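# Working through the structure, step by step
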Amino acid sequence: MRDTKYIKSINGKVSAIGMGTWGIGGGYWSPDYSGDDEWVRVLREGIGLGMTLIDTAEMYGGGHTEEIVGRSIKGFPREELFIVSKVWPNHARYDDVLRSARASANRLGTYIDLYLLHWPAPDVPICETMRAMERLVDDGVIRFFGLSNFDVNGIEEARSCLSKYDVAAVENRYSLLHRVDESSVIPYVQRNGMLYLAYTPIEKGAFSNNEFLMGIGKKYGKTAIQVVLNWYVGIDNLVPIPKAGRVEHVRENAGAMGWRLSRDDWELISNHFH
């Protein structure tokens, strides 16, 4: 019988807004060392402002992004951080998952709070992957595991492979401009007590000069980006993970926490972008 308390225990232990790291320290499997000190400064600033969930992956910078995250978290209380990483689908076989997770943990210099299969793929042996995830929990390499870029059918298939633990989280693309998951994955995640991580939530800054959002922001003394991020905070079990690009962006993102849009304004925004 699967431990259902396991998936519920993840909620409430993560920050309302996290930090994404795609493009930090390199790109698709290729490292870039030129801006390391600045990236570390940016991430440390974000952690200090309360964005203690950091999302990364073995593919980002070919593992170098994980090394930057590892440097950035030094000196902060580890139990207050929530580190997410991902395994690429061509490493989805049992032994490969174990190897990848241990390599990621090595680069991070610590255990992984949440480990995700990065993408579904036709040749992914999902039951092998899930068996490896359960083993990694037992071995203390990871605390929780989940899926990224999966639909409900894919999540159900992965869950059917499990014998001991359960899928704790799903990370998909979601924003006010990209709301496919609203009718499917998000309600599913909420019903099952899982965490939903929303990547590309500010659509690469597309909302920053939106007059409608700026108008609402004036009521709260907040920017359009802060209004959008706070809108996500109003959705149960959902944590947006905007990229931590520059120190000023990190400060702006952090300013979306610690207050709430009124229900009327939340609905107004929701309807405006439908």
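Residues numbered from 1 in each chain as written. Predicted model: local features only at pLDDT ≥ 70, side-chain atom pairs only at ≥ 80, totals over all residues. Heavy atoms only, no water.

## A word on the sheet that holds strand S7 (residues 195-199)
Keep this limit in mind: The rule for pairing is simple: two strands pair if DSSP sees at least two bridges between them. Per the convention used, a helix needs a DSSP run of H or I reaching at least four residues, while a strand needs a run of E reaching at least two, with both numbered from the N terminus. Whether two residues touch is decided by their heavy atoms; if any such pair falls within 4.5 Å, the residues are in contact. Orientation is described by axes fitted as lines to C-alpha atoms, over the contacting stretch for helices, and by angles from 0 to 180 degrees between their N-to-C directions.
Read from one edge to the other, the open sheet built from eight strands follows the order S1-S2-S3-S4-S5-S6-S7-S8, with strand pairing classed as parallel. Each end of this open sheet is capped by a strand with a single partner; those strands are strand S1 (19-20) and strand S8 (238-240). Pairing between strand S4 (residues 112-117) and strand S5 (residues 142-148): five bridges, direction parallel. Across the sheet, leucine 114 pairs through a bridge with phenylalanine 144, a residue of S5. Helix-sheet contacts for helix H4 (residues 94-108) involve strand S3 (82-87) and S4, and the interaxial angle to S4 is about 140 degrees.

## With respect to the layout of surface pockets
We count it as follows: Buried and open spaces are told apart on a 1 Å grid over the protein atoms alone, a cavity being a set of points where a 1.4 Å probe fits but cannot get out and a pocket being an open set with protein on both sides within 12 Å along at least five of seven lines. Residues with an atom within 4 Å of a point are the lining residues. Grid points are joined across faces, edges and corners, and a volume is the space filled by probe spheres set on the points. Residues are grouped as follows: nonpolar covers Ala, Val, Leu, Ile, Met, Phe, Trp, Tyr, Cys and Pro; charged covers Asp, Glu, Lys and Arg; every other residue, Gly included, is treated as polar.
If you add up the space inside the largest pocket, you get close to 730 Å³. In this structure, the largest pocket is lined by 30 residues; those nearest its centre are Trp22, Tyr199, Thr200, Lys204 and Lys243. Across the lining of the largest pocket, the residue classes break down as 11 nonpolar, 11 polar and eight charged.

## Overview of the pattern of salt bridges
For the record, the criterion: Salt bridges are defined as contacts in which a side-chain nitrogen from Lys or Arg sits within 4 Å of a carboxyl oxygen from Asp or Glu. Whether a residue is buried, partly exposed or exposed follows from its accessible area with a 1.4 Å probe, protein chains only, as a fraction of its type maximum: under 20%, in between, or over 50%, in that order.
Evaluation of the coordinates by the stated rule reveals 19 salt bridges. For aspartate 166, the salt bridge goes to arginine 159, with nearest N and O atoms at 2.7 Å. Of the residues examined, aspartate 166 reaches a relative accessible area of 0% and is grouped as buried. Here arginine 246 ties to glutamate 248 by a salt bridge, and the two come within 2.8 Å at their closest N and O atoms. A relative accessible area of 45% means that glutamate 248 is categorised as partly exposed. Connected via shared salt-bridge partners are Asp55, Lys86 and Glu171.

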